[in-house]
Amino acid sequence: MSTTTRAKRSVVSENRLPGTGSKGYYLYLVPGLVLFTLIILLPLIWNVYLTFTEYRGIKPPEFIGLDNWIELFGDDKFWASFRNSIAMIIAMVVLPTGIGLVLAALLFDVIGRKFGGRLASFLRATYYLPQILPVAIAAIVIGWILRPENGALNTVLEAVGLGNLAHNWLGSPDTALPSIMLVMVWVQIGYPVVIFMAALQRVDPELYEAAELDGANWFQRFRSITVSIIRPEIFVVTLTCTIAALKVFGPIYALTGGGPGTSTIVPSYYSYIQFFQSQQVGYGATIATALTVVVIIVTVVFIKFQNRAEREDMGN
Amino acid sequence: MASTLPLVGTRPRRRQSGMHKRRPADWALLVAAILIGALIVIPFLIILVNSFKSPTDYTTSGPLTLPTSLYFDGIVNFWQRVDFPQKLWNSFFISGTVAILAVVLSVINAFALGIGRVKGRVWILVLFLLADMLPQEVLLYPLYNVFKEIGLYNNSWGVIIIFIVIRAAFGTYLLASVFGTFPKEILEAASLDGASRWRVLTSVIVPITRPTLSVLLIFFFIWTWNEFLIPLSFLVSNENQTVPVAITVLQGDRLMDVTTTSASALLGLIPTLVFFLIFQRTLTRGITAGAVK
């Protein structure tokens, strides 16, 4: 908080409706803040309190200090769940953002320019289609195709003579996680495409044409025009998708229940079963709180990183 | 956080130039783009085709052929089994109520933050955004306890209240910045006419920002429709469940044969496909950063 920010604040903190003081506006915040406190803030604080208790849902919570947290750090299943979160980040952030960048550039730079904007919008809508599904339903769709007995994928493999590749995709420890990842890639791919294409509207198409005339090939145009212009959107997509990847629940619930073994367990699902199946409420709260801390750290690191990148850009 | 937001009005159309000069490489890229599109759509088609097959038809001719005769039993059975109209109504009632009330709450909050510019508004916004960012598990047990005490457990209104707050958190963030750039001259003119704050809000600001508010309404509706963890945990009895929850909890049921399971997936995806067709332009135009759930 230096003097510049204070000076800026004194200029902008006046309300924008002249003739009225600033005070009465707080009244408008009352319903929002009351609801927020009751539904978010107090439960959050209560949840943090529960992490220091042994609570099985019947007798009142019993204070046990840091026991849950100590147990958590030694819990292999908990670490397995975070390792699977990394797989979710690959499936929901790394692959969709990378593929989405290429697809957005392809639709904008080649299809849109040479074959018309209508075709490009149509393809964009097609890529976006799985995004609108409830994610559990999306999982059921892919899960149906991957069924072990007479499933569509296995049947096709047999029909083309690759019957020995047929597999219990969701039921084997080696393929369950990749199968869930496949669901998530399918669901996520359209989101970056749409965001990146919206961002590309800022680019003058003549820039691409000029670059093309100067002999820049597709990849050079991609790197030096597309990627550099839509960097802010890449940040936003990476951040929001990383948070979403850390919170994945529906597909695990719908398809594998975290199994076989712990091969597809994720923090969110692990905490859910502690709450409602094992009745280990204190421990479930601890997992949920740990996940929250990770989400907040990721967000802060991202925003810091973005601010620094922006400042470096300004410096250049 | 969100820099791409649903915008008011339409973007200037780009000139269509350079449609000439399609080289072989361009055609190859076009084919690649279409193939990727086909790959993404194929799961939908497979579900569609197999939902109208009898289990014997499926066993004999496999998943990739058209049904030998149209078979509706799978869909009808599942429809009756889950009482689908009831689930549709539950989802519609919850999502619709949340969408409307969350937009109202967002407008009121954003009025104080974006127009009133109250002190500490940045911190208030950060606090609100927390609601949208948190893993919902942290709310589960405390709210479960309280809702049980006050009769909101296993009650649509419990879920509605939670999602009003979560949606309004994002809406406040978005509208505060929209209202922050509201044309000053209009506000000045309104206050010279002696309009009260409430009147300025309801008869000037809301009508002018209506396009943004309706985009927000559509997004809130669909996001709430697609919610899973909280409806699953709070709406336990069959007659209160939403569409995604009702369909998901029946998966793996021994009584469901292969094509009935396909039909269940079809019924789950149809409502959102309908929304997509209706709101396609809005959805694909400026999708917000919060669109991933």
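Per chain, residue numbering runs from 1 following the sequence as it is written. Here every chain gets a letter starting at A, and every ligand a number starting at 1, in the order they are written. Since the coordinates come from a predicted model, pLDDT governs what is reported: local features require at least 70, and pairs of side-chain atoms require 80 or more to be given and counted, while whole-chain, interface and lining totals use all residues.

**Let's talk about the overall build of chain A**
Part 1: Only DSSP runs of H or I covering at least 4 residues are called helices, and only runs of E covering at least 2 are called strands; the numbering of each starts at the N terminus. Secondary structure assignment for chain A yields 15 helices and 2 strands.
Part 2: Its C-alpha atoms put chain A at 80 × 75 × 35 Å along the principal axes.
Part 3: Residues with at least 20 neighbouring C-beta atoms inside 10 Å of their own are called buried, those with 12 or fewer are called exposed, and the rest are partly exposed, where every C-beta is derived from the backbone. Of all 316 residues assigned to chain A, the portion counted as buried reaches 45%.

**Some points on the nonpolar core**
Part 1: Ranked by internal contacts, the top residues of the largest apolar core, which has 164 residues, are Ala 104, Leu 107 and Ala 138 of chain A together with Val 165 of chain B.
Part 2: An automatic or database domain assignment supplies the start and end points of every domain. Two domains each provide a minimum of three residues to this core, namely domain 1 (48-82 + 250-293) and domain 2 (89-243) of chain B.
Part 3: Beyond its immediate stretch of four places on either side in the chain, Ala 138 of chain A contacts Pro 130, Leu 133, Val 183, Trp 186 and Val 187 of chain A. What makes a nonpolar core is a set of buried Ala, Val, Leu, Ile, Met, Phe, Trp, Tyr and Cys residues, with links drawn between C-beta atoms within 7 Å. Residues are scored as being in contact if the C-beta atoms we place from backbone atoms lie within 7 Å.

**Remarks on the confidence of the model for chain A**
Low-confidence regions, as indicated by low pLDDT, have predicted coordinates that should not be scrutinised in detail.
Part 1: You can read pLDDT as the predictor saying how much it trusts each residue, on a scale of 0 to 100. With 93% of its residues at a pLDDT of 70 or more, chain A has an overall mean of 87.
Part 2: Scored below 50 in pLDDT, residues 1-13 of chain A shows 4 contacts in the model against residues more than four places distant or in partner chains.

**Notes on the domain arrangement of chain B**
Many analyses report the size of an interface as the accessible area lost when the parts associate.
Part 1: If you check the domain split of chain B, you get domain 1 (48-82 + 250-293) and domain 2 (89-243).
Part 2: For domain 1 of chain B versus domain 2 of chain B, the separation of C-alpha centres amounts to 31 Å.

**Section: helix α1 (residues 24-51) of chain B**
Residues and elements named next belong to chain B.
Part 1: Between its first and last C-alpha, α1 extends 40 Å over 28 residues, near the 40 Å set by a 1.5 Å rise per residue.
Part 2: Throughout, the bend at a residue refers to the angle made by two axes, fitted to the seven residues ending there and to the seven starting there. Maximal helix bending in α1 amounts to about 40°, located at Val 41; proline Pro 43 follows within four positions.
Part 3: Buried within α1 are the following residues: Ala 33, Pro 43, Ile 46, Ile 47, Asn 50 and Ser 51. In this analysis, the expected span of each helix is defined as 1.5 Å times one less than the number of residues it contains.

**Quick look at the interface of chain A and chain B**
Part 1: Across the contact, 97 residues belong to chain A and 90 residues belong to chain B.
Part 2: Looking at the side of chain A that touches chain B element by element, the count peaks at 14 residues for helix α2 (residues 26-50) of chain A.
Part 3: Think of it as three bins: nonpolar holds Ala, Val, Leu, Ile, Met, Phe, Trp, Tyr, Cys and Pro, charged holds Asp, Glu, Lys and Arg, and polar takes everything else, Gly as well. Tallied by class, the residues present in the side of chain A that touches chain B amount to 67 nonpolar, 22 polar and 8 charged.

**What to know about the environment of Ala 265 of chain B**
Part 1: When you line up the elements, Ala 265 of chain B lands in helix α13 (residues 258-286).
Part 2: Not counting chain neighbours up to four residues away, the residues in contact with Ala 265 of chain B comprise Ile 137, Ile 140, Val 141 and Trp 144 of chain A together with Ile 47 of chain B.

**Observations concerning the confidence of the model for chain B**
All names here are of chain B.
Part 1: Of all residues in chain B, 89% attain a pLDDT of 70 or more, and the chain-wide mean is 85.
Part 2: Taken element by element, chain B is modelled with least confidence in α13, mean pLDDT 83, and with most confidence in helix α4 (residues 84-115), mean pLDDT 95.
Part 3: Low pLDDT, under 50, characterises residues 1-18; the predicted model gives this stretch 38 contacts beyond four residues in sequence or across chains.
Part 4: Note that pLDDT drops below 50 for residues 286-293; the model gives that stretch 29 contacts with residues more than four away or on any other chain.
Part 5: Taken over the whole predicted complex, pTM reads 0.87, whereas the ipTM for its chain interfaces reads 0.86.

**Considerations on the packing of α2 of chain A against helix α7 (residues 156-180) of chain B**
Part 1: Helix axes use the C-alpha atoms of the stretch in contact, all axes being lines fitted to C-alpha atoms, and the angles between their N-to-C directions lie in the range 0 to 180 degrees. The interhelical angle for the contact between α2 of chain A and α7 of chain B, taken along N-to-C directions, is 125°, at an axis separation of 10 Å. Compared by their axis directions, α2 of chain A and α7 of chain B come out oblique. Read as a crossing pair, α2 of chain A and α7 of chain B show a hand that is left-handed. Each of Gly 32, Leu 35, Phe 36, Ile 39 and Ile 40 of chain A in α2 of chain A lies in contact with α7 of chain B, whose residues at this interface are Ile 161, Ile 162, Val 165, Ala 168 and Thr 172 of chain B. Here the word oblique covers every angle except those under 35 degrees (roughly parallel), over 145 (roughly antiparallel) and from 65 to 115 (roughly perpendicular). By convention, the crossing between two helices is left-handed when the near helix turns anticlockwise from the far helix through less than a right angle, and right-handed when the turn is clockwise.

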